[in-house]
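# Notes for the structure review
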Amino acid sequence: VHTSEAFSAQLNEFFVQVGAFKNEVNADLLIKKIQGLDIESNAGINKVYNNGLYRLKLGPYENKKAAEETAKNIRKKLNTPALIINQ
């Protein structure tokens, strides 16, 4: 039972993807912009390399509402797309 509880908790983690870049320098620049805005106080910024792209994901968030609030702030302050991802 403990294993399935841990597994189901992982599936309910939400992330906000704020960019996917071929050039790692561009990903790092966006990280600095986000850190400068002081938007991210409760979650980390993760840079994940996958299929030739550096993806920036903020999180994890414990619920979708918290992730949506961050995504809204990112869109408003940086004028950049932000997608909610459930993992």
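Structure: above.
Small disclaimer: the values here were computed from a predicted structure and weren't measured.

### As for the sheet that holds strand β2 (residues 44–50)
Here four strands make up an open sheet; going across it, the order is β2-β3-β1-β4 and the pairing antiparallel. Where the open sheet ends on each side, the last strands, each with one partner, are β2 and β4 (83–86). Averaged over neighbouring strand pairs, the angle between their axes works out to 35 degrees when direction is ignored. Along the sheet face, helix α2 (residues 24–37) touches β1 (14–21), β2 and β3 (53–61) and points at about 170 degrees away from the line of β2. Where helix α3 (residues 64–78) meets the sheet, its contacts fall on β1, β3 and β4, and the angle it forms with β1 comes to roughly 35 degrees.

Reading the values: rules and limits
- Residues numbered from 1 in each chain as written.
- Predicted model: local features only at pLDDT ≥ 70, side-chain atom pairs only at ≥ 80, totals over all residues.
- Heavy atoms only, no water.
- Pairing = 2+ DSSP bridges.
- Helix = DSSP H or I, 4+ residues; strand = E, 2+ residues; numbered from the N terminus.
- Axes fitted to C-alpha atoms, helices over the stretch in contact; angles between N-to-C directions.
- Contact = heavy atoms within 4.5 Å.

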